[in-house]
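# Report on the structure
The primary structure of each chain is shown beneath.
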Amino acid sequence: MTPARRATIEFLLDNLVWLMLIVVLIVFSLTVPRFFQFGIFANIIEQSTFVGVMAIGLAIVIISGNLDLSVESTAALAAMVTGLLFATQGIGLGIALEPAWLILPVSLAIAMLVGAAVGMANGFFVVRLGMSAFIVTLASFIWVRGLVVAISGGRSAQSLPAAIRVVGTADILGLPLLAWISVGCFVLFSFIMAKTPFGRYVTLVGGNLEATYRAGINSNRILFVSFVLAGLLAGVAGWLLAIRTSGATANLGVGMLFNAFAAVVIGGVSLKGGIGKLPGVYAGVLLLYSIHTAINLMGLPAHYTQMILGALVLAAVLLDTLKLRLREKLL
Amino acid sequence: MSENPPLLKLEAISKNFGAIEALKGVDMEIRAGEVVALLGDNGAGKSTLVKIISGGLRPSSGRIIMEGTPRDFASPAEAKAAGIETVYQDLSLCINADVVANFFMGREITKRFFGIPILQERAMEAVVAKALADAGTRIPSLRTNVEHLSGGQRQAIELNRFVHWGGKLVLLDEPFAALGVEQTRRGLDMIRQVVARGIGVVIITHIMAQAFQVADRIIVIRHGRVAGDVRTDETTPEQVIDMITGGTLSGAGKGRDQGNSSPATGERESSQ
């Protein structure tokens, strides 16, 4: 096989999810009525924001060789704290800041802190105490959701001030600001993962922990920071969700974990660790929401969505296995 | 022997794993620019000793003295910072990353932009290409993941890594296990190159011929103790085998608990 052909095949295998996304978009555009319009595409990108931002952190933890099941509850906690402090109705305390725009950075910082705190707790138990990430983050998934219900008393906070809601309503160049935020997050973290020593180490630690330890890399710190990042990004996702819904309810974001996991797996991240790239994860999120949108437009009952998504995750894992075999055969 | 303190000196190093005594007081010295072959039967304590020197394990008692200063390595990172490089028996490569990433693992070339370190891929690739070319190792593409490379190519990367980084002391734990005849010869050449730069080398091997080919001195570990410490040109493979197995044919085993050089001296006299 010539090097050029080999490189082409390698490139296609690495970017299979983008290929799938393009094919799916073309098929939907041709077959689903009213699918092919700018508004729909803009909507898909906007819808992808919340799960997308969450999936970045989840992907980083999985690439480092761990697992974080708690991101959904963490996002809900960040959303509830934002709602509780700044919403003016329901259980909201309606804290007002002077000048009014200050609420934006302050609420974002608080949401990120809340998320990072949960991430640190996860990191402490998994990295320092050596407990199983699956169990630790499953426990967090439960207790953090419990905390959300506890601090809200099961009630909801509504009506965030206009100064902060602008994030959920503004458009830039015809695209919703929310869409730009998710694209921005993906660009930023793709860059960090591909171009900085930290990103390199996350991949190396996920590939062979012992080797990185021997090479003098502080592998425990990398694992810990991955958990903190996952929590922090889940916090941002929750903050965006609170703004979008202008408040928070105790069951906000239920089911996001599954979508984020599906996107990460479809995006080519291996659950074994060490393999996967963030642009692929973004394609995975977009693919997921293209399918959501198409199902909505076709007027299928919503419960079919879950069946299709489940099948899609299976297909993605199957594809991953096939890809490995294909690579072994061809390269 | 010389006015300079030895590169590395171990004093009464012992290591217990629970009730098991893996090392029972090992004394040895390694000087700069010297190759020491560490021999011993399976379970004699060679690998434990290497792990202690490389920072992977801490001794239960005893002192590690490097260039005259006592050291206590809490992690491989600390040993590495002190100039000790290790090539492990089970390779330390991340097969999910490419050749360049593995070569530079933990020592990436970066440039700071606004305080953020950015990997300099091209500069790193050039360094790796030169290092591999100098060593005569051929790898189709430096950007292929290591999982697609053969066992020999993988080991070549490890060996080139230590040649390139060097440091002060290199520990090689069964470095040629996966190599063919030609590659092994090249590996032994690499060791000579490294030594010529004044670096000390400790090589663990099972193959007597390799030890005699490359080492200046042979240290035999038996039952967690130094059973023999002899210059390569003053001994024979048969005598070394006696030390390893504790055989008493030539009286080599007798003195193994008393001191370092007595078995060797005893042997030399009897064989001359």
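Procedures and definitions
Residues numbered from 1 in each chain as written. Chains lettered and ligands numbered in written order. Predicted model: local features only at pLDDT ≥ 70, side-chain atom pairs only at ≥ 80, totals over all residues. Heavy atoms only, no water. Core = buried A, V, L, I, M, F, W, Y, C linked by side-chain atoms within 4.5 Å. Buried < 20%, exposed > 50% of the residue type's maximum accessible area, 1.4 Å probe, protein only. Contact = heavy atoms within 4.5 Å. Patch = residues over 30% accessible without salt bridge, like charges linked within 9 Å, V, L, I, M, F, W, Y side chains within 5 Å. Areas by Shrake-Rupley, 256 points an atom, 1.4 Å probe, with all protein chains shown as cover. Salt bridge = Lys/Arg side-chain N within 4 Å of Asp/Glu carboxyl O. Helix = DSSP H or I, 4+ residues; strand = E, 2+ residues; numbered from the N terminus. Expected span 1.5 Å × (residues − 1). Pairing = 2+ DSSP bridges. Axes fitted to C-alpha atoms, helices over the stretch in contact; angles between N-to-C directions. Buried area = accessible area lost by both parts, 1.4 Å probe. Polar contact = N/O pair within 3.5 Å; in protein donor to acceptor, adjacent residues only side chain to side chain. Nonpolar A, V, L, I, M, F, W, Y, C, P; charged D, E, K, R; others polar. Parallel < 35°, antiparallel > 145°, perpendicular 65-115°, else oblique. pLDDT = per-residue confidence, 0-100.

- Identification of chain B as ATP-binding cassette domain-containing protein from Chelativorans petroleitrophicus is taken from an unreviewed UniProt entry.

- Looking up chain A in an unreviewed UniProt entry gives the name ABC transporter permease, with the organism given as Chelativorans petroleitrophicus.

## Section: the nonpolar core
- Of all hydrophobic cores here, the largest spans 107 residues; its most connected members are A:Ile56, A:Leu240, A:Val264, A:Ile266, A:Val281, A:Val285 and A:Leu288.
- Filtering out sequence-adjacent residues up to four positions away, A:Leu240 remains in contact with A:Thr49, A:Phe50, A:Val53, A:Val167, A:Leu178 and A:Ile181.
- Formed by 31 residues, the second largest nonpolar core is a distinct cluster that contains B:Leu39, B:Leu179, B:Ile191 and B:Val220.

## So, a nonpolar patch on the surface
- A cluster of nonpolar side chains, namely A:Met298, A:Leu300, A:Tyr304, A:Met307 and A:Ile308, defines an oily patch on the protein surface of about 470 Å² accessible area.
- Relative to the elements of secondary structure, A:Ile308 occurs in helix α14 (residues 303-330).

## A short note on helix α5 (residues 151-165) of chain B
Residue and element names in this part refer to chain B.
- Its 15 residues place the ends of α5 22 Å apart at the C-alpha level, agreeing with the 21 Å of an ideal helix rising 1.5 Å per residue.
- Within α5, 11 of the 15 residues are buried, which leaves the element mostly enclosed by the surrounding structure.
- Along α5, the residues classified as buried are Gly-152, Gln-153, Gln-155, Ala-156, Ile-157, Glu-158, Leu-159, Asn-160, Arg-161, Phe-162 and Val-163.
- Buried residues belonging to α5 abut β6 (84-87), α3 (99-103), α4 (121-135), β9 (169-173) and α6 (181-196).
- Looking one or two residues past α5, Gly-166 carries a phi angle of roughly 65°, positive in sign.

## So, the sheet that holds strand β10 (residues 200-204) of chain B
All names here are of chain B.
- As summarised here, the arrangement of the six strands in space is β6-β9-β10-β3-β11-β12, forming an open sheet in which the pairing is mixed. Both edges of this open sheet fall to β6 and β12 (225-231), since each of them pairs with a single strand only. Adjacent strand axes in the sheet meet at a mean angle of 15°, parallel and antiparallel pairs treated alike.
- Bridging between strand β3 (residues 35-39) and strand β11 (residues 217-222) involves four bridges; their strand directions are parallel. Looking at β11, one finds that Leu-38 is bridged to Ile-219.
- Contacting β3, β11 and β12, helix α8 (residues 237-245) runs over the sheet at an angle of about 25° to β11.

## A word on the interface of chain A and chain B
- Taken together, the contact pairs 23 residues of chain A with 27 residues of chain B.
- Summing the contributions of chain A and of chain B, the shared interface buries around 2000 Å²; its carbon and sulfur component is 61%.
- The largest per-residue losses of area from chain A upon contact with chain B belong to A:Arg200, A:Leu204 and A:Arg214, which jointly make up 33% of the total buried on that side.
- Summed over the shared surface of chain A and chain B, the result is one salt bridge.
- The partner of B:Glu121 in a salt bridge is A:Arg200, with the nearest N and O atoms 2.3 Å apart.
- In this structure, the connection of chain A to chain B is made through seven residue pairs in polar contact (both at pLDDT 80 or more).
- The set of elements that each furnish at least two residues to the side of chain A that touches chain B consists of α1 (3-14), α8 (177-195), α9 (197-207) and α10 (209-214) of chain A.
- For the side of chain A that touches chain B, a count of residues per class yields 10 nonpolar, seven polar and six charged.

## Some thoughts on the packing of helix α7 (residues 162-169) of chain A against α8(A)
Residue and element names in this part refer to chain A.
- For the pair α7 and α8, the least separation of the axes is 6 Å and the interaxial angle reads 75°. Here α8 runs roughly perpendicular to α7, going by the angle between their axes. The residues of α8 that touch α7, namely those facing Val-166, Val-167 and Gly-168, are Leu-177, Leu-178 and Ile-181.
- Looking at the contact of α7 with α8 residue by residue, the classes come out as five nonpolar, one polar and no charged.

## Some details on the confidence of the model for chain B
- When the pLDDT values of chain B are averaged, the result is 82; 89% of them are 70 or greater.
- A low-confidence stretch, residues 249-272 of chain B (pLDDT under 50), is modelled with 31 contacts involving residues beyond four sequence positions or located in other chains.

## Comments concerning the environment of B:Ala126
All names here are of chain B.
- Here Ala-126 is to be found in helix α4.
- Classification of Ala-126 by relative accessible area gives partly exposed; the value is 48%.
- C-alpha of Ala-126 to C-alpha of Val-100: the two residues are 26 residues apart in sequence and 9.3 Å apart in space.

## A closer look at the sheet that holds strand β2 (residues 157-158) of chain A
All names here are of chain A.
- The strand order across the open sheet built from three strands is β1-β2-β5, with neighbouring strands paired in antiparallel fashion. Each having just a single partner strand, β1 (89-90) and β5 (247-248) make up the two edges of the open sheet.
- Two elements, β1 and β2, share two bridges in a ladder whose sense is antiparallel. If you follow Gln-89 over to β2, its bridge partner there is Gln-158.

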